[in-house]
Amino acid sequence: MTIIVTGGAGFIGSNFIYYQLKNHPDDRIVCLDALTYAGNLATLKEAMKNPNFRFVKGDIANQTDVNRLFEEEHPDMVVNFAAESHVDCSIENPRLFLETNIMGTQTLMDACRHYGITRYHQVATDEVYGDLPLDRPDLFFTENTPIHTSSPYSASKASADLLVLAYWRTYQLPVSITRCSNNYGPYHFPEKLIPLMISRALADESLPVYGTGENVRDWLYVEDHCSAIDLVIRKGRVGEIYNIGGHNERTNLQVVKAILHELHKPETLIHYVTDRPGHDRRYAIDPSKIHSELGWLPQTKFDDGIRLTVKWYLEHRKWWEDILVGDYQNYYEQMYKDRQ
Ligand code: NAD
Ligand code: DAU
């Protein structure tokens, strides 16, 4: 089987490629990635040595790039990770998010219709459900929770999900969707909370916590996300949505303190800054559908996962230090200058 994995030079896509190469060594994996600021070929260095792996630089929203790849590879499946993924960037430049996340999804699915496919899988997010109140720990997102987005990022991802469902109903394109909670682990770009805090704490720099730090995220170790997608594309029902999450809710402050504890750094590094506009309060996934239908359960508890993640960043300094130079410095200054 040949699987096109889009966005495979990013955080979750690269972890998924390594998961596939390890667990399904007979399958051919072709990565299509535009190598935006978030894509990194160094991440795929080991995969490049595998004869069953091919990397192709290209844009999912570019019909020529996409069609050429379909003609060369005749894929059986497409798993679409490619996206603009950072909420704060979507607040600065919404249009790019619409172009990649919506038009890119449409371009890929049109190629799937044209050339034929056994499965188009959309990697989606729990952010499409909006947020939950902090004082209602009994509430969770199920697959039937109405879409109610907050940011341009989540609105673009929700739009893509609706298009995917429309292609199923209208054209019977065999699709599936997974909506996952916050991931963490190796190869996570240091614009996001956990790798940002690890890299800054290691340099004894202040840690910018938005608002009061009371917002809650439901953290899932990235390998558990990969195993869930793997099950859904191989055994999940077409036309279905599956929520993925591991009941690992933490406030942002708890996460930052856990990182400081692992690194033996003082909590005085924490610096409260201006809140994110429209900041979602709490995400919490009910994963009972994927558990009961496909037997999926997460394997890594948050306390173990955060330890593994900190260890990975300590052992792979060159990977993230190479990112922190150049454009990243400008990004940090631009993004955080008005928050102080
Ligand atoms: P990421 O930003 O780390 O990686 C995105 C990748 O997509 C990069 O390699 C980038 O170069 C590539 N890309 C961007 N635009 C492209 C384009 N037009 N054509 C081809 N490639 C392009 O993102 P991530 O955190 O790995 O997220 C992957 C997917 O999972 C996204 O769809 C995201 O919405 C979803 N998701 C992420 C999380 C999370 O916690 N990170 C949780 C749930 C769902
Ligand atoms: O829930 C899934 C989503 O999780 C994915 O769809 C997104 O692609 C992914 O980026 C992530 O979105 P979040 O906005 O939750 O992740 P982020 O790491 O940006 O922020 C996590 C929390 O930490 C959020 O409440 C904002 C806060 N935060 C973030 C940064 C970058 C801070 O307090 N300070 C920061 O500097």
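Conventions used here
- Residues numbered from 1 in each chain as written.
- Chains lettered and ligands numbered in written order.
- Predicted model: local features only at pLDDT ≥ 70, side-chain atom pairs only at ≥ 80, totals over all residues.
- Heavy atoms only, no water.
- Near = heavy atom within 4 Å.
- Polar contact = N/O pair within 3.5 Å; in protein donor to acceptor, adjacent residues only side chain to side chain.
- Areas by Shrake-Rupley, 256 points an atom, 1.4 Å probe, with all protein chains shown as cover.
- Nonpolar A, V, L, I, M, F, W, Y, C, P; charged D, E, K, R; others polar.
- Helix = DSSP H or I, 4+ residues; strand = E, 2+ residues; numbered from the N terminus.
- Buried < 20%, exposed > 50% of the residue type's maximum accessible area, 1.4 Å probe, protein only.
- Arc of directions from axis to C-beta.
- Contact = heavy atoms within 4.5 Å.

Draft legend 1. How the structure looks around the site of ligand 1. What surrounds ligand 1 is a group of 28 residues, the closest being Ile-12, Asp-33, Ser-85, Tyr-153 and Lys-157. Within the side chain of Asp-33, an N or O atom sits 2.6 Å from an oxygen atom of ligand 1. Here ligand 1 has 840 Å² of accessible area as a free molecule, and 96% of this is covered by the chains. Looking at the shell around ligand 1 residue by residue, the class counts come to 14 nonpolar, eleven polar and three charged.

Draft legend 2. Seen up close, unusual backbone geometry. One non-glycine residue with positive phi stands out, namely Gln-172, at about 55°. In this fold, Gln-172 is placed in the loop between helix H5 (152-171) and strand S6 (175-180). One non-glycine residue, His-264, lies in positive phi territory at about 55°. Note on His-264: relative accessible area 73%, which makes it exposed.

Draft legend 3. Structural view of helix H11 (residues 317-324). Buried residues of H11: Trp-319, Trp-320, Ile-323 and Leu-324, and no others. Considered in projection along H11, the buried side chains sweep an arc of 125° and stay on one side of the axis. Buried residues in H11 make contact with helix H6 (193-202), helix H10 (302-315) and helix H12 (327-336).

Draft legend 4. Region of interest: the site of ligand 2. What surrounds ligand 2 is a group of 25 residues, the closest being Asp-126, Tyr-153, Arg-276, His-279 and Tyr-336. Take Asp-126: an N or O atom from its side chain is 2.5 Å from an oxygen atom of ligand 2. Protein contacts shield 94% of the accessible area of ligand 2, which totals 690 Å² for the unbound molecule. At the level of secondary structure, the elements contributing two or more residues to the shell around ligand 2 comprise H6 and strand S8 (207-210).

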